[in-house]
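Each chain, written out:
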Amino acid sequence: MKGHTGERIAFFGGKGGVGKTTCSVAYALSLAEKGQRTLLVSTDPAHSLGDLLNVRIGDDSLKVSDFLYVREIDPKRASRRYLEEVKENMRELAAPRLWKEVERQMDFAAASPGADEAALFDEMVSVILEAEGAYDRIVFDTAPTGHTLRLLSLPELMGVWIEGMLARRRKTRELQRMLHNASGLADDDQPEDRVYALLQRRKNRFASARERLLDPSYTTFYFVVNPERLSILEAFNARKMLNKYGIPVGGVVVNRVIPEQADGAFLAQRRKQEKLHLKEVEERFGDLPLLYVPLEPEDIQGIAGVRTISERFRRESFGGIQ
């Protein structure tokens, strides 16, 4: 099977309910059992990662097996933390008489569409940049496709937005410099522009994240689909969007395929329909590595339950895993 080498960050995404969490855990476990120190991060507000592993997971990483650590990012908590950080920075910059109005405007902004995604992306950037030295691999279990696409488009959008803010700030600084010189003061006496410095730091952070996300030797996105029409179409359309933003797609996991040994008239009829969908997967994603995971007779629970799927990842060398 075609493999992907050199990867440091992996995203697992797809339609809600296709089994992204199970597949991302299986993938992360296969990496960890190769001796790679792996951090699995859930950005899904449903928080099914803890339920699957039968452990209580929070904002701090938790070791669940040798070399495997897990963490759940709470989007609401990330949003609150993000807003408090912005307020703290602005408190130092805004005139005291204007602070109440500034705070009111920021509270309005926090309730606007896209605010939670911006906060979540900021948290993801922190995870990516801070975890690099501590972990060999980072695996993200993402929310359903639409939310994930908005999230992954943010490096481009926020980079443009911050560049625009910096351009406006540079004009302001130039005007201040002209007024400063007109007052007979030397350039050395001009105070540091802390707003500009803050924007520049954020631009550098987003640029670092964007560089990593768009590097096919560093980051890969894997789709999880079921042999059902809607999940296949959603993944196909999402792939086109990822291509637009230059985010590499490394493979597709076809989850919950009816096993050959399953019998009964009902399953025989379902298998007929399923064959059509599997053919569609080949037509739409045949240029990518494909991994077929059979439907299990029981619910998958805990590390032991995931290991069967993890071994399949290794057998098929999916994602370059040997």
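Going by the structure above, here's the rest.
These numbers were taken from a predicted model, which means no experiment stands behind them. (Residues numbered from 1 in each chain as written. Predicted model: local features only at pLDDT ≥ 70, side-chain atom pairs only at ≥ 80, totals over all residues. Heavy atoms only, no water.)

**Q** For this particular structure, what's the right way to read the overall build of the protein chain?
**A** The helix and strand inventory of the protein chain stands at 11 helices and eight strands. For the protein chain, the residues scored as buried account for 47% of the 322 residues in total. Residue pairs at least 24 apart in sequence account for 77% of intrachain contacts in the protein chain once pairs closer than 6 positions are excluded. Surface accessibility of the protein chain: about 16,500 Å² in total, with carbon and sulfur atoms responsible for 52%. (Helix = DSSP H or I, 4+ residues; strand = E, 2+ residues; numbered from the N terminus. Buried < 20%, exposed > 50% of the residue type's maximum accessible area, 1.4 Å probe, protein only. Contact = heavy atoms within 4.5 Å. Areas by Shrake-Rupley, 256 points an atom, 1.4 Å probe, with all protein chains shown as cover.)

**Q** How should the nonpolar core be read in this particular structure?
**A** One finds Phe11, Phe140, Phe223, Leu242, Val252 and Phe285 to be the most contacted residues of the largest nonpolar core, which totals 44 residues. The element contributing the most residues to this core is helix H5 (residues 115-131), with seven residues. Residues Ala32, Leu53, Val139 and Phe318 belong to the second largest nonpolar core, which totals 30 residues. (Core = buried A, V, L, I, M, F, W, Y, C linked by side-chain atoms within 4.5 Å.)

**Q** Teacher, can you tell me more about the pairing of strand S3 (residues 62-65) here?
**A** Consecutive side chains of a regular strand alternate in pointing toward one face of the sheet and then the other. Sheet topology places S3 next to strand S4 (residues 68-72); three bridges connect them, and they run antiparallel. The residue bridging Lys63 from the neighbouring strand is Tyr69, located in S4. As consecutive antiparallel partners, S3 and S4 are separated by two residues, and within that stretch Phe67 has a phi angle of approximately 70°, a positive value. (Pairing = 2+ DSSP bridges.)

**Q** Looking at this model, I keep getting lost on the packing of aromatic side chains. Mind explaining?
**A** Think of a pair of aromatic rings as described by two things: how far the centres are apart, and how the planes are tilted against each other in angle. Counted according to the given criterion, the structure contains 11 aromatic pairs. On the basis of an interplanar angle of 70° and a centroid distance of 5.6 Å, the ring pair of Tyr69 and Tyr135 is categorised as edge-to-face. A residue pair is termed long-range when its members are at least 10 positions apart, and Tyr69 in strand S4 and Tyr135 in the loop between H5 and strand S5 (137-141) qualify at 66 residues. Looking at Tyr135, the relative accessible area reads 10%, which means it is buried. With a centroid separation of 6.3 Å and an interplanar angle of 75°, the aromatic rings of Phe236 and Phe285 are classed as edge-to-face. Taken together, the residues span a long stretch of sequence, with Phe236 in helix H9 (residues 229-244) and Phe285 in helix H10 (residues 265-285) at a distance of 49 residues. Aromatic ring contacts, followed pair by pair, group Phe12, Tyr27, Tyr222, Phe313 and Phe318 into a single cluster. Sitting over the face of the ring of Phe236, Arg284 holds its NZ or CZ atom 4.5 Å from the ring centroid. (Phe/Tyr/Trp six-rings, centres within 6.5 Å; stacked < 30°, edge-to-face > 60°. Lys NZ or Arg CZ within 6 Å of the ring centre and 35° of its normal.)

**Q** Got a minute to help me understand the pairing of strand S8 (residues 290-294) in this structure?
**A** Bridge analysis of strand S7 (residues 249-257) against S8 gives five bridges, and the strand direction is parallel. Of the residues in S8, the one forming a bridge with Asn255 is Val293. Handedness of the S7-H10-S8 crossover: right-handed. (Right-handed = clockwise from strand over helix to strand, strands pointing away.)

**Q** Looking at this model, I keep getting lost on the side chain of Glu274. Mind explaining?
**A** Along the chain, Glu274 turns up in helix H10. Despite its burial, Glu274 remains without a salt bridge, the nearest opposite charge being carried by Arg271 at 5.5 Å. The contact partners of Glu274, leaving out residues within four places of it in the chain, are Pro227, Arg256, Val257 and Ile258. (Lys, Arg positive; Asp, Glu negative; His and termini not counted. Salt bridge = Lys/Arg side-chain N within 4 Å of Asp/Glu carboxyl O.)

**Q** In this structure, what is going on with the environment of Phe221? I would like to understand it.
**A** Looking at where Phe221 falls in the secondary structure, it is placed in strand S6 (residues 219-225). Taking the C-alpha atoms as reference points, Phe221 and Phe140, separated by 81 residues in sequence, lie 9.3 Å from one another. Discounting chain neighbours no more than four positions away, the residues touching Phe221 are Phe11, Gly13, Thr148, Leu152, Leu242, Ile247, Pro248, Val249, Gly250 and Gly251.

**Q** Before we go on, may I ask you to explain the environment of Ala78 in this structure?
**A** Within the element layout of this structure, Ala78 appears in helix H3 (residues 75-93). Separated by 40 residues in sequence, Ala78 and Ala118 place their C-alpha atoms 9.5 Å apart. Beyond its immediate chain neighbours, meaning those up to four positions away, Ala78 contacts Ile73, Ala119 and Glu123.

**Q** So what exactly am I meant to see when it comes to the sheet that holds S4 here?
**A** Neighbouring strands of a sheet are bound in pairs by backbone hydrogen bonds; such pairs are parallel or else antiparallel. An order of S3-S4-S2-S5-S1-S6-S7-S8 is seen for the eight strands of this open sheet, with the pairing classed as mixed. Each having just a single partner strand, S3 and S8 make up the two edges of the open sheet. Taking the axes of each pair of neighbouring strands and ignoring which way they run, one obtains an average angle of 25° across the sheet. Across five bridges, the pairing between strand S2 (residues 38-42) and S5 is parallel. (Axes fitted to C-alpha atoms, helices over the stretch in contact; angles between N-to-C directions.)

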